[in-house]
Amino acid sequence: MQLTPAQVELLQAIARGLTLKSHRDLEGNKEYRLHALDGRAASVAWEVVEELQTAGLIDSNKKFPAATYWLTTAGRARLEAA
């Protein structure tokens with residue numbers, strides 16, 4: 001799988017310590033946000049997250065209403081190879 005610049009940027013952000021979360025509301029709508037240590041948060045396109053998860057490069061704790069994502073071993077190896 002060839003990673004897009006947005007996917008590489010997201011993997012690097014998680015590796016630097018930013019926290020990726022998916023926030024669900026009661027209707028089941030999901031929004032992905034990348035949280036910095038200073039409290040700032042930025043939206044992330046669902047396609048970027050879904051493709052990385054499908055490729056096995058990130059995984060989550062599958063919690064409701066906010067799941068937290070991390071790099072898998074494959075995700076870390078992919079970053080090191082880039």
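Okay, so let's go over this structure. As the structure is a computational prediction, the values presented were derived from the model and not from experiment. (Residues numbered from 1 in each chain as written. Predicted model: local features only at pLDDT ≥ 70, side-chain atom pairs only at ≥ 80, totals over all residues. Heavy atoms only, no water.)

1. Some thoughts on unusual backbone geometry
Step number 1: Located in the positive-phi region is K62, a residue other than glycine, with phi close to 55°.
Step number 2: Looking at where K62 falls in the secondary structure, it is placed in the loop between β4 (58-60) and β5 (66-71). (Helix = DSSP H or I, 4+ residues; strand = E, 2+ residues; numbered from the N terminus.)

2. Regarding the environment of I14
Step number 1: Structurally, the position occupied by I14 is in helix α1 (residues 5-15).
Step number 2: Along the backbone, I14 and S43 are 29 residues apart, and their C-alpha atoms lie at a distance of 14 Å.

3. Quick word on the sheet that holds strand β1 (residues 19-24)
Step number 1: Across the sheet, five strands lie side by side as β3-β2-β1-β5-β4; this open sheet has antiparallel pairing. Whereas interior strands pair on both sides, the edge strands pair on one side only; in this sheet they are β3 (41-44) and β4. Within the sheet, the average angular offset between the axes of one strand and its neighbour, ignoring direction, is 30°.
Step number 2: Pairing analysis gives three bridges linking β4 to β5, with the strands arranged antiparallel. In the strand pairing of β5, I58 is matched with L71. (Pairing = 2+ DSSP bridges. Axes fitted to C-alpha atoms, helices over the stretch in contact; angles between N-to-C directions.)

Spatial relationships are all this shows, so hold off on functional conclusions.
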